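Breakdown of the fold
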Amino acid sequence: MMTAAPLAPSLHIGSQVGGYEIVQRLGAGGMAEVYLAMQHGPSGFRRRVVLKRVHPHLAEEPDFVEMFMAEAGVAATLSHPNIVHVYEFFETEGSGYFLVLEYVPGYTVHRLVRDLKRKGKRVPIDVAVRIAIAVCEALEYAYNVQDADGDPMHIVHRDVSPSNVLVGMDGQVRLFDFGIARVLSRASSTMVGQLKGKYRYMSPEQARSQPLDQRSDLFSVGVMLYEMTTLRYAFRGATHLETITAVTQTEPPAPSSLVPGFPPALEQVILRALSKQREGRFASARDMARALEACAQVAHPQKLEALMQEVFPDGPPDQAAAPATPTSLSSPASSGLIRRPPPTPSGPFSQPVPEIIAPMPGVSEPPRAEPELPSPVTEASGGATPQVDWLTWGALAAFIVLSILFWVLVYPRFG
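Attention here is on the structure that accompanies the text.

Rules behind the numbers
- Residues numbered from 1 in each chain as written.
- Predicted model: local features only at pLDDT ≥ 70, side-chain atom pairs only at ≥ 80, totals over all residues.
- Heavy atoms only, no water.
- Helix = DSSP H or I, 4+ residues; strand = E, 2+ residues; numbered from the N terminus.
- Buried < 20%, exposed > 50% of the residue type's maximum accessible area, 1.4 Å probe, protein only.
- Contact = heavy atoms within 4.5 Å.
- Areas by Shrake-Rupley, 256 points an atom, 1.4 Å probe, with all protein chains shown as cover.
- Axes fitted to C-alpha atoms, helices over the stretch in contact; angles between N-to-C directions.
- Parallel < 35°, antiparallel > 145°, perpendicular 65-115°, else oblique.
- Left-handed = near helix turned anticlockwise from the far one by under 90°.
- Pairing = 2+ DSSP bridges.
- Core = buried A, V, L, I, M, F, W, Y, C linked by side-chain atoms within 4.5 Å.
- Salt bridge = Lys/Arg side-chain N within 4 Å of Asp/Glu carboxyl O.
- Arc of directions from axis to C-beta.
- Phe/Tyr/Trp six-rings, centres within 6.5 Å; stacked < 30°, edge-to-face > 60°.

Looking now at the overall build of the protein. Counting its secondary structure elements, the protein contains 11 helices and 11 strands. For the protein, with 415 residues in total, the buried portion stands at 52%. Of the contacts made within the protein by residues no fewer than 6 positions apart, 69% connect residues no fewer than 24 positions apart. Roughly 18,300 Å² of accessible area belongs to the protein as shown, and the carbon and sulfur atoms make up 57% of that amount.

Next up, the structure:
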(Lines give C-alpha, C1' and ligand atoms only; values in the text may rest on other atoms or scores of the structure.)
Protein backbone atom coordinates (compact mmCIF):
# COMPACT_ATOMS: atom_id res chain seq x y z
CA MET A 1 0.00 0.00 0.00
CA MET A 2 1.36 3.39 -0.95
CA THR A 3 2.22 5.86 1.81
CA ALA A 4 -0.41 8.57 1.92
CA ALA A 5 1.59 11.25 3.70
CA PRO A 6 4.20 13.23 1.76
CA LEU A 7 7.64 11.70 2.09
CA ALA A 8 10.57 13.59 3.56
CA PRO A 9 12.95 14.63 0.76
CA SER A 10 15.96 13.47 2.77
CA LEU A 11 16.71 11.89 6.14
CA HIS A 12 18.53 13.91 8.76
CA ILE A 13 21.69 12.70 10.46
CA GLY A 14 20.81 11.31 13.86
CA SER A 15 17.16 10.68 13.01
CA GLN A 16 15.53 7.32 13.68
CA VAL A 17 13.80 5.30 11.00
CA GLY A 18 12.50 1.79 11.47
CA GLY A 19 14.70 1.27 14.52
CA TYR A 20 17.87 2.49 12.76
CA GLU A 21 19.83 5.66 13.49
CA ILE A 22 20.99 7.55 10.42
CA VAL A 23 24.76 8.12 10.57
CA GLN A 24 25.54 9.55 7.17
CA ARG A 25 24.06 9.99 3.71
CA LEU A 26 26.34 8.08 1.37
CA GLY A 27 24.97 8.85 -2.05
CA ALA A 28 22.08 8.51 -4.46
CA GLY A 29 21.30 6.79 -7.71
CA GLY A 30 18.51 6.90 -10.23
CA MET A 31 16.24 4.70 -8.13
CA ALA A 32 17.27 5.14 -4.51
CA GLU A 33 19.41 6.98 -1.99
CA VAL A 34 21.68 5.17 0.43
CA TYR A 35 22.55 5.83 4.06
CA LEU A 36 24.94 4.40 6.58
CA ALA A 37 22.96 3.64 9.74
CA MET A 38 23.43 2.12 13.17
CA GLN A 39 21.14 -0.55 14.52
CA HIS A 40 20.74 -0.52 18.30
CA GLY A 41 19.50 -3.45 20.35
CA PRO A 42 19.27 -4.82 23.90
CA SER A 43 22.34 -4.93 26.15
CA GLY A 44 24.20 -2.33 24.11
CA PHE A 45 23.97 -4.25 20.81
CA ARG A 46 25.16 -2.12 17.89
CA ARG A 47 25.57 -2.99 14.24
CA ARG A 48 26.35 -0.90 11.19
CA VAL A 49 24.02 -1.41 8.27
CA VAL A 50 23.29 0.25 4.96
CA LEU A 51 19.79 1.60 4.33
CA LYS A 52 18.59 1.96 0.77
CA ARG A 53 15.52 4.13 0.32
CA VAL A 54 13.56 4.57 -2.88
CA HIS A 55 13.45 8.22 -3.94
CA PRO A 56 10.40 10.09 -2.63
CA HIS A 57 9.31 11.18 -6.10
CA LEU A 58 9.41 7.56 -7.23
CA ALA A 59 7.64 6.23 -4.15
CA GLU A 60 4.44 7.62 -5.66
CA GLU A 61 4.95 5.57 -8.84
CA PRO A 62 3.54 2.04 -8.52
CA ASP A 63 5.93 0.63 -11.13
CA PHE A 64 9.00 1.83 -9.25
CA VAL A 65 7.69 0.64 -5.91
CA GLU A 66 6.92 -2.74 -7.47
CA MET A 67 10.47 -2.92 -8.83
CA PHE A 68 11.92 -2.00 -5.44
CA MET A 69 9.80 -4.57 -3.65
CA ALA A 70 10.78 -7.18 -6.23
CA GLU A 71 14.43 -6.42 -5.47
CA ALA A 72 13.74 -6.98 -1.80
CA GLY A 73 11.95 -10.24 -2.52
CA VAL A 74 14.78 -11.56 -4.67
CA ALA A 75 17.57 -10.42 -2.35
CA ALA A 76 15.86 -11.83 0.73
CA THR A 77 16.05 -15.35 -0.73
CA LEU A 78 19.84 -15.22 -1.07
CA SER A 79 22.10 -16.42 1.73
CA HIS A 80 25.62 -17.21 0.56
CA PRO A 81 29.15 -16.27 1.74
CA ASN A 82 29.85 -14.63 -1.62
CA ILE A 83 26.70 -12.51 -1.72
CA VAL A 84 26.04 -9.38 0.34
CA HIS A 85 23.24 -10.15 2.76
CA VAL A 86 19.94 -8.28 2.87
CA TYR A 87 18.51 -8.19 6.40
CA GLU A 88 15.02 -6.88 5.82
CA PHE A 89 12.61 -4.72 3.85
CA PHE A 90 10.25 -2.27 5.54
CA GLU A 91 8.06 0.77 5.04
CA THR A 92 7.60 3.70 7.41
CA GLU A 93 5.02 6.46 7.46
CA GLY A 94 6.52 9.62 6.02
CA SER A 95 9.83 8.04 5.00
CA GLY A 96 8.93 5.40 2.43
CA TYR A 97 10.42 2.04 1.49
CA PHE A 98 13.75 0.71 2.73
CA LEU A 99 16.11 -2.19 2.21
CA VAL A 100 18.52 -2.99 5.04
CA LEU A 101 21.81 -4.39 3.77
CA GLU A 102 24.94 -5.80 5.32
CA TYR A 103 27.79 -3.35 5.82
CA VAL A 104 31.04 -4.87 4.55
CA PRO A 105 34.33 -2.99 5.13
CA GLY A 106 36.18 -3.23 1.85
CA TYR A 107 36.40 -1.91 -1.69
CA THR A 108 35.06 -2.85 -5.08
CA VAL A 109 37.17 -4.61 -7.70
CA HIS A 110 36.88 -1.44 -9.76
CA ARG A 111 38.56 0.52 -6.95
CA LEU A 112 41.16 -2.20 -6.37
CA VAL A 113 42.19 -2.21 -10.05
CA ARG A 114 42.30 1.57 -10.13
CA ASP A 115 44.45 1.96 -7.04
CA LEU A 116 46.82 -0.82 -8.07
CA LYS A 117 47.29 0.87 -11.42
CA ARG A 118 48.11 4.14 -9.71
CA LYS A 119 50.90 2.27 -7.94
CA GLY A 120 52.16 0.95 -11.28
CA LYS A 121 50.86 -2.56 -10.59
CA ARG A 122 48.17 -4.90 -11.84
CA VAL A 123 45.95 -7.49 -10.17
CA PRO A 124 48.00 -10.72 -9.90
CA ILE A 125 46.59 -13.42 -12.15
CA ASP A 126 45.99 -15.84 -9.30
CA VAL A 127 44.07 -13.14 -7.41
CA ALA A 128 41.98 -12.32 -10.48
CA VAL A 129 41.16 -16.01 -10.83
CA ARG A 130 40.20 -16.18 -7.15
CA ILE A 131 37.81 -13.24 -7.61
CA ALA A 132 36.25 -14.75 -10.74
CA ILE A 133 35.72 -18.12 -9.03
CA ALA A 134 34.01 -16.43 -6.07
CA VAL A 135 31.66 -14.59 -8.44
CA CYS A 136 30.90 -17.84 -10.27
CA GLU A 137 30.06 -19.53 -6.97
CA ALA A 138 27.66 -16.70 -6.10
CA LEU A 139 26.01 -16.89 -9.52
CA GLU A 140 25.67 -20.66 -9.35
CA TYR A 141 23.96 -20.40 -5.99
CA ALA A 142 21.62 -17.59 -7.10
CA TYR A 143 20.62 -19.43 -10.25
CA ASN A 144 19.75 -22.65 -8.43
CA VAL A 145 18.33 -21.33 -5.15
CA GLN A 146 14.86 -22.74 -4.63
CA ASP A 147 11.62 -20.94 -3.94
CA ALA A 148 9.05 -21.96 -1.33
CA ASP A 149 7.79 -24.70 -3.64
CA GLY A 150 11.25 -26.19 -4.09
CA ASP A 151 11.68 -25.00 -7.69
CA PRO A 152 14.91 -23.32 -8.90
CA MET A 153 14.40 -19.57 -9.15
CA HIS A 154 16.88 -19.13 -12.02
CA ILE A 155 18.02 -15.69 -10.90
CA VAL A 156 20.16 -13.90 -13.46
CA HIS A 157 22.14 -10.99 -12.01
CA ARG A 158 22.25 -8.99 -15.27
CA ASP A 159 24.86 -6.50 -13.99
CA VAL A 160 28.05 -8.40 -13.13
CA SER A 161 30.92 -5.89 -13.30
CA PRO A 162 33.93 -4.75 -11.26
CA SER A 163 31.73 -2.11 -9.63
CA ASN A 164 29.39 -4.77 -8.27
CA VAL A 165 32.00 -7.09 -6.79
CA LEU A 166 33.20 -6.20 -3.32
CA VAL A 167 36.49 -7.39 -1.84
CA GLY A 168 36.47 -7.20 1.94
CA MET A 169 39.51 -6.25 3.95
CA ASP A 170 39.39 -9.86 5.15
CA GLY A 171 40.00 -11.10 1.59
CA GLN A 172 36.48 -12.41 1.07
CA VAL A 173 34.74 -11.66 -2.22
CA ARG A 174 31.06 -10.76 -2.37
CA LEU A 175 28.75 -10.06 -5.27
CA PHE A 176 26.04 -7.50 -4.65
CA ASP A 177 23.36 -5.43 -6.32
CA PHE A 178 20.77 -7.93 -7.40
CA GLY A 179 18.47 -4.93 -7.82
CA ILE A 180 18.08 -5.50 -11.54
CA ALA A 181 18.24 -9.27 -11.33
CA ARG A 182 15.57 -11.07 -13.23
CA VAL A 183 13.82 -14.14 -11.93
CA LEU A 184 13.16 -15.83 -15.27
CA SER A 185 10.12 -17.77 -14.15
CA ARG A 186 8.41 -14.73 -12.60
CA ALA A 187 9.65 -11.76 -14.61
CA SER A 188 7.36 -8.77 -14.62
CA SER A 189 6.06 -7.74 -18.01
CA THR A 190 7.33 -4.22 -17.36
CA MET A 191 10.90 -5.54 -17.48
CA VAL A 192 10.66 -7.29 -20.83
CA GLY A 193 12.72 -5.62 -23.52
CA GLN A 194 14.51 -3.24 -21.18
CA LEU A 195 18.28 -3.06 -21.44
CA LYS A 196 19.84 -2.82 -18.01
CA GLY A 197 23.32 -2.91 -16.61
CA LYS A 198 26.46 -1.41 -18.14
CA TYR A 199 27.11 -1.63 -21.84
CA ARG A 200 30.52 -3.19 -22.08
CA TYR A 201 29.70 -5.97 -19.61
CA MET A 202 26.48 -7.00 -21.32
CA SER A 203 26.23 -10.27 -23.15
CA PRO A 204 25.26 -10.05 -26.84
CA GLU A 205 21.83 -11.47 -26.05
CA GLN A 206 21.26 -8.91 -23.29
CA ALA A 207 22.25 -6.11 -25.64
CA ARG A 208 19.64 -7.42 -28.08
CA SER A 209 16.98 -7.66 -25.34
CA GLN A 210 16.70 -11.39 -25.82
CA PRO A 211 15.76 -13.95 -23.12
CA LEU A 212 18.59 -14.56 -20.68
CA ASP A 213 19.91 -17.46 -18.68
CA GLN A 214 22.96 -17.97 -16.49
CA ARG A 215 25.30 -17.96 -19.48
CA SER A 216 24.66 -14.25 -19.91
CA ASP A 217 26.23 -13.57 -16.51
CA LEU A 218 29.18 -15.82 -17.43
CA PHE A 219 29.90 -13.58 -20.42
CA SER A 220 30.08 -10.66 -18.00
CA VAL A 221 32.45 -12.60 -15.73
CA GLY A 222 34.63 -13.22 -18.77
CA VAL A 223 34.72 -9.50 -19.58
CA MET A 224 35.64 -8.65 -16.00
CA LEU A 225 38.38 -11.31 -15.90
CA TYR A 226 39.72 -10.10 -19.25
CA GLU A 227 40.02 -6.54 -17.93
CA MET A 228 41.57 -7.56 -14.61
CA THR A 229 44.30 -9.62 -16.28
CA THR A 230 45.07 -7.45 -19.33
CA LEU A 231 44.22 -3.94 -18.08
CA ARG A 232 42.39 -3.38 -21.36
CA TYR A 233 38.71 -3.15 -22.11
CA ALA A 234 37.38 -6.16 -23.97
CA PHE A 235 34.72 -4.00 -25.62
CA ARG A 236 34.73 -0.26 -25.80
CA GLY A 237 33.53 2.41 -28.20
CA ALA A 238 33.33 6.18 -28.23
CA THR A 239 29.55 5.93 -27.93
CA HIS A 240 27.09 3.47 -26.43
CA LEU A 241 26.13 2.30 -29.89
CA GLU A 242 29.74 1.57 -30.79
CA THR A 243 30.23 -0.32 -27.53
CA ILE A 244 27.13 -2.44 -28.12
CA THR A 245 28.28 -3.09 -31.67
CA ALA A 246 31.63 -4.28 -30.33
CA VAL A 247 29.89 -6.55 -27.80
CA THR A 248 27.70 -8.15 -30.44
CA GLN A 249 30.08 -8.27 -33.41
CA THR A 250 33.75 -7.75 -32.48
CA GLU A 251 36.19 -10.28 -31.04
CA PRO A 252 38.63 -8.77 -28.54
CA PRO A 253 42.38 -9.35 -28.94
CA ALA A 254 43.62 -12.54 -27.34
CA PRO A 255 45.05 -11.85 -23.87
CA SER A 256 48.36 -13.43 -24.91
CA SER A 257 48.75 -10.73 -27.56
CA LEU A 258 48.54 -8.09 -24.84
CA VAL A 259 50.37 -9.70 -21.91
CA PRO A 260 53.57 -11.65 -22.57
CA GLY A 261 53.55 -15.05 -20.93
CA PHE A 262 49.79 -15.07 -20.39
CA PRO A 263 48.73 -18.59 -19.29
CA PRO A 264 47.34 -20.36 -22.40
CA ALA A 265 44.81 -22.39 -20.44
CA LEU A 266 43.42 -19.28 -18.75
CA GLU A 267 43.21 -17.56 -22.10
CA GLN A 268 41.07 -20.40 -23.43
CA VAL A 269 38.71 -20.11 -20.47
CA ILE A 270 38.32 -16.37 -20.97
CA LEU A 271 37.75 -16.62 -24.71
CA ARG A 272 35.20 -19.38 -24.19
CA ALA A 273 33.31 -17.19 -21.72
CA LEU A 274 33.35 -14.38 -24.30
CA SER A 275 31.77 -16.47 -27.05
CA LYS A 276 29.15 -14.48 -28.97
CA GLN A 277 26.91 -17.53 -28.99
CA ARG A 278 25.70 -18.65 -25.58
CA GLU A 279 26.04 -22.27 -26.69
CA GLY A 280 29.78 -21.71 -27.00
CA ARG A 281 30.17 -20.69 -23.36
CA PHE A 282 30.26 -22.79 -20.23
CA ALA A 283 26.97 -24.49 -19.48
CA SER A 284 26.95 -23.25 -15.90
CA ALA A 285 28.83 -21.07 -13.44
CA ARG A 286 29.96 -24.23 -11.67
CA ASP A 287 31.57 -25.48 -14.89
CA MET A 288 33.38 -22.18 -15.38
CA ALA A 289 34.61 -22.17 -11.78
CA ARG A 290 36.00 -25.70 -12.17
CA ALA A 291 37.72 -24.74 -15.42
CA LEU A 292 39.34 -21.76 -13.71
CA GLU A 293 40.54 -23.91 -10.83
CA ALA A 294 42.08 -26.38 -13.27
CA CYS A 295 43.75 -23.90 -15.63
CA ALA A 296 45.59 -21.54 -13.30
CA GLN A 297 46.90 -21.12 -9.80
CA VAL A 298 44.25 -19.78 -7.44
CA ALA A 299 45.25 -17.32 -4.74
CA HIS A 300 44.41 -18.20 -1.16
CA PRO A 301 42.06 -15.74 0.56
CA GLN A 302 44.96 -14.79 2.83
CA LYS A 303 46.87 -13.50 -0.19
CA LEU A 304 43.88 -11.41 -1.21
CA GLU A 305 43.62 -10.11 2.35
CA ALA A 306 47.32 -9.19 2.30
CA LEU A 307 46.86 -7.42 -1.04
CA MET A 308 43.96 -5.39 0.33
CA GLN A 309 46.04 -4.42 3.36
CA GLU A 310 48.87 -3.37 1.07
CA VAL A 311 46.74 -1.31 -1.30
CA PHE A 312 44.51 0.15 1.42
CA PRO A 313 46.71 0.27 4.54
CA ASP A 314 44.31 2.58 6.37
CA GLY A 315 41.28 0.44 5.56
CA PRO A 316 37.94 1.88 4.49
CA PRO A 317 36.88 5.23 5.94
CA ASP A 318 35.33 5.04 9.40
CA GLN A 319 31.98 6.42 8.34
CA ALA A 320 30.58 6.24 11.87
CA ALA A 321 33.20 8.77 13.01
CA ALA A 322 32.84 11.00 9.96
CA PRO A 323 31.31 14.50 10.20
CA ALA A 324 27.53 14.44 10.19
CA THR A 325 27.24 15.95 6.73
CA PRO A 326 26.44 14.39 3.37
CA THR A 327 29.49 13.20 1.49
CA SER A 328 30.39 13.95 -2.09
CA LEU A 329 30.58 10.30 -3.02
CA SER A 330 28.77 9.45 -6.20
CA SER A 331 27.79 6.15 -4.61
CA PRO A 332 28.54 4.19 -1.44
CA ALA A 333 30.51 1.58 -3.34
CA SER A 334 33.24 4.09 -4.14
CA SER A 335 34.09 4.01 -0.42
CA GLY A 336 33.66 0.28 -0.10
CA LEU A 337 30.02 0.34 0.94
CA ILE A 338 27.05 -1.43 -0.50
CA ARG A 339 25.15 0.57 -3.01
CA ARG A 340 22.74 0.60 -5.87
CA PRO A 341 23.79 1.16 -8.62
CA PRO A 342 27.48 0.69 -9.34
CA PRO A 343 29.82 3.78 -9.18
CA THR A 344 30.09 5.21 -12.63
CA PRO A 345 31.80 8.55 -13.21
CA SER A 346 29.30 10.86 -14.83
CA GLY A 347 29.80 12.68 -18.08
CA PRO A 348 28.23 13.31 -21.48
CA PHE A 349 27.30 10.10 -23.24
CA SER A 350 28.96 11.38 -26.38
CA GLN A 351 32.35 11.96 -24.77
CA PRO A 352 35.01 9.77 -26.44
CA VAL A 353 36.57 7.24 -24.10
CA PRO A 354 40.06 5.75 -24.54
CA GLU A 355 40.28 2.06 -25.44
CA ILE A 356 43.05 1.28 -22.99
CA ILE A 357 42.57 1.19 -19.23
CA ALA A 358 46.31 1.27 -18.55
CA PRO A 359 48.68 1.16 -21.55
CA MET A 360 51.63 0.71 -19.21
CA PRO A 361 52.33 0.57 -15.47
CA GLY A 362 52.28 3.89 -13.70
CA VAL A 363 49.58 5.64 -15.72
CA SER A 364 47.70 7.73 -13.19
CA GLU A 365 44.33 8.11 -14.88
CA PRO A 366 41.83 5.67 -13.32
CA PRO A 367 39.74 3.34 -15.49
CA ARG A 368 36.38 4.79 -16.35
CA ALA A 369 33.26 2.80 -15.66
CA GLU A 370 30.68 2.60 -18.41
CA PRO A 371 27.65 4.83 -17.74
CA GLU A 372 24.54 2.82 -17.13
CA LEU A 373 21.73 2.65 -19.60
CA PRO A 374 19.19 5.47 -19.53
CA SER A 375 16.33 3.23 -18.42
CA PRO A 376 13.74 4.22 -15.81
CA VAL A 377 15.55 2.09 -13.22
CA THR A 378 19.23 2.63 -13.96
CA GLU A 379 19.43 6.14 -15.37
CA ALA A 380 21.82 8.45 -13.49
CA SER A 381 23.03 5.43 -11.59
CA GLY A 382 26.15 7.11 -10.36
CA GLY A 383 24.02 9.50 -8.36
CA ALA A 384 25.69 12.58 -9.78
CA THR A 385 23.56 15.65 -10.38
CA PRO A 386 23.37 16.57 -14.09
CA GLN A 387 25.62 19.52 -14.77
CA VAL A 388 24.70 22.59 -16.81
CA ASP A 389 27.11 22.60 -19.76
CA TRP A 390 28.67 25.55 -21.54
CA LEU A 391 25.98 25.58 -24.24
CA THR A 392 23.33 26.23 -21.62
CA TRP A 393 25.35 29.02 -20.02
CA GLY A 394 26.04 30.51 -23.46
CA ALA A 395 22.37 30.54 -24.36
CA LEU A 396 21.50 32.17 -21.03
CA ALA A 397 24.16 34.84 -21.48
CA ALA A 398 22.97 35.59 -25.04
CA PHE A 399 19.40 35.96 -23.80
CA ILE A 400 20.45 38.44 -21.13
CA VAL A 401 22.51 40.51 -23.59
CA LEU A 402 19.68 40.63 -26.14
CA SER A 403 17.22 41.65 -23.42
CA ILE A 404 19.44 44.53 -22.35
CA LEU A 405 19.90 45.70 -25.95
CA PHE A 406 16.14 45.60 -26.51
CA TRP A 407 15.34 47.75 -23.49
CA VAL A 408 18.19 50.22 -24.18
CA LEU A 409 18.05 50.58 -27.98
CA VAL A 410 14.69 49.37 -29.27
CA TYR A 411 12.07 50.02 -26.58
CA PRO A 412 12.74 53.81 -26.29
CA ARG A 413 11.89 54.27 -29.98
CA PHE A 414 8.40 52.89 -29.46
CA GLY A 415 7.93 54.52 -26.08
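Turning our eyes to something else, we now look at the packing of helix H8 (residues 264-273) against helix H9 (residues 285-295). Contact geometry for H8 and H9: axes closest at 8 Å, N-to-C directions at 160°. Here H9 runs roughly antiparallel to H8, going by the angle between their axes. Judged by the sense of rotation from one axis to the other, the crossing of H8 with H9 is left-handed. Along the contact surface, H8 presents Ala265, Leu266, Val269 and Ala273, while H9 presents Met288, Ala291, Leu292 and Cys295.

If you trace the six strands from one edge of the open sheet to the other, you get E1-E2-E3-E4-E6-E5, paired in antiparallel fashion. Two strands in the sheet have a free side with no partner beyond their single neighbour: strand E1 (16-17) and strand E5 (86-92). Relative to strand E6 (residues 96-102), E5 runs antiparallel, the two sharing six bridges. Directly across from valine 86, in E6, lies its bridge partner leucine 101.

This part takes up the sheet that holds strand E7 (residues 106-108). Reading across from one edge, E7-E9-E10 is the order of the three strands in this open sheet, with antiparallel pairing throughout. Each end of this open sheet is capped by a strand with a single partner; those strands are E7 and strand E10 (173-175). Each strand axis lies, on average, 25° off the axis of its neighbour in the sheet, ignoring direction.

The next subject is the pairing of E6. The buried fraction of E6 amounts to seven of the seven residues, a majority that puts the element mostly inside the structure. Pairing analysis gives five bridges linking strand E4 (residues 46-54) to E6, with the strands arranged antiparallel. Bridge pairing links valine 50 to leucine 101 in E6. Connecting the antiparallel pair E5 and E6 is a turn made up of three residues, with glycine 94 showing a positive phi of about 85°.

Relative to the elements of secondary structure, threonine 229 occurs in helix H6 (residues 214-230). When residues no more than four places from it in sequence are discounted, the contact partners of threonine 229 are Arg122, Ile125, Ala128, Val259, Phe262 and Ile270.

Ranked by size, the top nonpolar core spans 66 residues in total, and within it Ile131 and Leu292 carry the most contacts. Per-element accounting of this core gives the leading share, 12 residues, to helix H4 (residues 125-144). Residue contacts for isoleucine 131: discarding those within four places in its chain leaves Val109, Val165, Val167, Val173, Met224, Met228 and Leu304. Ranked by size, the runner-up nonpolar core spans 22 residues in total, among them Val23, Leu26, Val54 and Val65.

Let's shift gears to unusual backbone geometry. In the Ramachandran plot, serine 209 falls in the positive-phi region, its phi being about 60° despite a non-glycine side chain. Here serine 209 lies in the loop between helix H5 (204-207) and H6. Taking the relative accessible area as the measure of exposure, serine 209 reaches 33% and is therefore partly exposed. The residue leucine 231 is not glycine, and still its phi comes out positive at about 60°. Looking at where leucine 231 falls in the secondary structure, it is placed in the loop between H6 and helix H7 (240-249). Judged by its relative accessible area of 5%, leucine 231 falls in the buried class.

The next point concerns the pattern of salt bridges. Applying the stated criterion to the full structure yields 13 salt bridges. Here arginine 114 makes a salt bridge to aspartate 115, at a shortest N to O gap of 3.2 Å. Given the relative accessible area of 19%, arginine 114 is considered buried. As a salt-bridge pair, aspartate 213 and arginine 278 come within 3.9 Å of each other at their nearest N and O atoms.

Moving on to H9. Those residues of H9 lying buried are Ala285, Met288, Ala289, Ala291, Leu292 and Cys295. Down the axis of H9, the buried set is contained in an arc of 160°. They therefore lie on one face. Opposite its buried face, H9 presents the exposed residues Arg290 and Ala294, each directed more than 90 degrees away. Looking at the buried residues of H9, the elements they touch are H4, H6 and H8.

With that settled, consider the packing of aromatic side chains. On inspection of all chains with the given rule, the structure shows five aromatic pairs. Arranged with centres 5.0 Å apart and planes meeting at 10°, the rings of phenylalanine 90 and phenylalanine 98 form a pair that is stacked. The exposure classification of phenylalanine 90 matches that of phenylalanine 98, with both residues buried. Through a chain of ring-to-ring contacts, three or more aromatic side chains come together here, namely Tyr20, Phe90 and Phe98.

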